[in-house]
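Remarks on the overall topology
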Amino acid sequence: MDVNRTSLFQSPSLETTAGAALRLAYLASHFPCETPVNIAFIDSESQEERLAAIDVVRSSGLIPRPIISARRFTSDEALRSFLYQAIQLKAVRDIFLVGGDLAVPRGPFRDSLDVMKGSFLDGFGLDVVGIAGYPDGHPEIDTATLFDCLQIKVETLKAKGLHVEITTQLSFDARAVIDWIRRVRALGIDVPIRIGIPGPGDISEVLKFSRLCRVRTSVHLLQRYGWGTTPLLSSVGPDRFLTELLESAAGVDLGSLRLHLYPLGNLEKTLQWFSGWEEKSY
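Residues numbered from 1 in each chain as written. Predicted model: local features only at pLDDT ≥ 70, side-chain atom pairs only at ≥ 80, totals over all residues. Heavy atoms only, no water.

What to know about unusual backbone geometry
Phi is positive for Glu34, which is not a glycine, with a value near 65 degrees. Along the chain, Glu34 falls in the loop between helix H2 (24–27) and strand E2 (36–39). Positive phi outside glycine occurs at Ala91, with the angle close to 60 degrees. As for its position among the elements, Ala91 is in the loop between helix H4 (76–89) and strand E4 (94–98). Of the residues examined, Ala91 reaches a relative accessible area of 39% and is grouped as partly exposed. (Helix = DSSP H or I, 4+ residues; strand = E, 2+ residues; numbered from the N terminus. Buried < 20%, exposed > 50% of the residue type's maximum accessible area, 1.4 Å probe, protein only.)

Here it is as structure tokens:
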């Protein structure tokens with residue numbers, strides 16, 4: 001399937017924190033029904049808040065997809081407890097599984113593969129497990145290992161009868177994203193890929209979020225794609241990035257591709273920008 005605006009903008013997904021999820025009740029009507037919403041796993045929010053956010057997202061007509069950060073769980077029992085409460089009690093059917101960015105694990109899990117290879121996901125009736133992709137690489141892991149691990153994760157989850165989606169970390173180089181997707185497809189990995197992009201924001205916001213995600217970027221590269229050209233605090237979206245992404249992928253079969261939106265703390269602005277681009281895609 002060739003990439004085009006229509007296919008790329010169908011069925012987007014969204015990132016939120018537990019606290020910000022409360023605003024979805026007022027804004028959800030602007031997104032397609034049953035849009036997947038990843039609920040972040042951050043230390044400033046409690047397990048109870050993350051579980052409450054699941055209810056908020058679902059009551060808003062969207063699909064809650066809690067992020068499971070393996071290295072943050074202190075024990076097998078803590079992980080099983082959260083999975084039980086989220087999946088059995090809250091009827092979650094989709095999760096997003098990551099290793100987490102802690103330098104030292106708080107418990108027995110070195111990475112997300114430790115969770116996948118165990119029995120933690122068995123018997124719950126999950127539909128989709130999301131995993132992360134890194135078009136710009138990872139500061140602690142070499143590129144060959146990243147691709148090897150990606151292939152192992154997909155095969156491990158598929159062997160459990162689970163559907164898999166890959167969502168990329170932020171990248172500000174559209175051609176690098178396309179090259180990465182080509183390499184993923186060349187490995188025989190045919191699962192859907194969601195391309196992570198930030199919503200509108202100024203350079204300072206985007207740089208701050210990039211540092212949190214440990215994504216390499218620069219003011220020069222951001223300006224190339226339209227963020228905060230002048231003045232520094234101007235607010236624009238990733239329009240140029242998406243235009244170049246579509247141009248680079250024109251006439252190329254890259255499989256199922258969708259967007260994943262990181263709102264940078266301003267959900268309303270992201271919705272407005274997305275609605276404008278969605279209208280141009282038809």
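Quick notes on the environment of Phe109
Along the chain, Phe109 turns up in the loop between E4 and helix H5 (112–117). Phe109 sits 33 residues away from Asp76 along the chain, and the two C-alpha atoms are 8.5 Å apart. Other than its neighbours up to four places away in sequence, Phe109 contacts Ala70, Arg71, Phe73, Ser75, Asp76, Leu79, Asp114, Val115 and Phe120. (Contact = heavy atoms within 4.5 Å.)

Notes on the sheet that holds E2
Spatially, E1-E2-E3-E4-E5-E6-E7-E8 is the arrangement adopted by the eight strands of the closed barrel, whose pairing is parallel. The average angle at which neighbouring strand axes cross in this sheet is 30 degrees, direction not considered. With three bridges connecting them, strand E3 (residues 63–69) and E4 associate as parallel partners. Pairing of Ile68 across the sheet is with Leu97, part of E4. (Pairing = 2+ DSSP bridges. Axes fitted to C-alpha atoms, helices over the stretch in contact; angles between N-to-C directions.)

Examining the pattern of salt bridges
Applying the stated rule across the entire model yields 12 salt bridges. When the shortest N-O distance is used, the salt bridge between Asp55 and Lys90 registers 2.7 Å. Of this pair, Asp55 sits in helix H3 (residues 47–59) while Lys90 sits in the loop between H4 and E4; the two residues are 35 residues apart in sequence, bridging distant segments of the chain. Residue classification places Asp55 among the partly exposed residues on the basis of a relative accessible area of 35%. If you follow the salt bridges from partner to partner, you end up with Asp43, Arg72, Asp101 and Arg106 in one network. (Salt bridge = Lys/Arg side-chain N within 4 Å of Asp/Glu carboxyl O.)

Considerations on the packing of helix H6 (residues 143–159) against helix H7 (residues 174–186)
When two helices pack together, their arrangement is captured by the angle between the axes and the distance separating the axes. H7 packs onto H6 with a crossing angle of 50 degrees between their chain directions and a minimal axis gap of 11 Å. Here H6 is positioned oblique relative to H7, judged by the angle of their axes. Considering how the two elements wind past one another, H6 and H7 form a crossing that is right-handed. Seen from H6, the contacting residues are Thr143, Phe147 and Leu150; seen from H7, they are Trp180, Arg183 and Val184. Broken down by class, the residue content of the contact of H6 with H7 amounts to four nonpolar, one polar and one charged. (Parallel < 35°, antiparallel > 145°, perpendicular 65-115°, else oblique. Left-handed = near helix turned anticlockwise from the far one by under 90°. Nonpolar A, V, L, I, M, F, W, Y, C, P; charged D, E, K, R; others polar.)

A closer look at the nonpolar core
In this structure, Leu8, Leu121, Ile166, Ile195 and Leu242 are the most contacted members of the largest nonpolar core, which totals 74 residues. When residues of this core are assigned to their parent elements, the largest contribution, six residues, is made by H7. Non-local contacts of Ile166, meaning those with residues more than four positions away in its chain, are made with Ile131, Ala132, Gly133, Leu150, Trp180, Val184, Ile189, Val191, Pro192, Ile193 and Arg194. (Core = buried A, V, L, I, M, F, W, Y, C linked by side-chain atoms within 4.5 Å.)

Brief notes about helix H10 (residues 239–249)
The α-helix advances 3.6 residues per turn, and as a result positions three or four apart in sequence lie on the same side. Along H10, the residues classified as buried are Phe241, Leu242, Glu244, Leu245, Leu246 and Ala249. After H10 finishes, the residue Gly251 shows a positive phi value of roughly 75 degrees.

Just distances and angles here, no functional claims.
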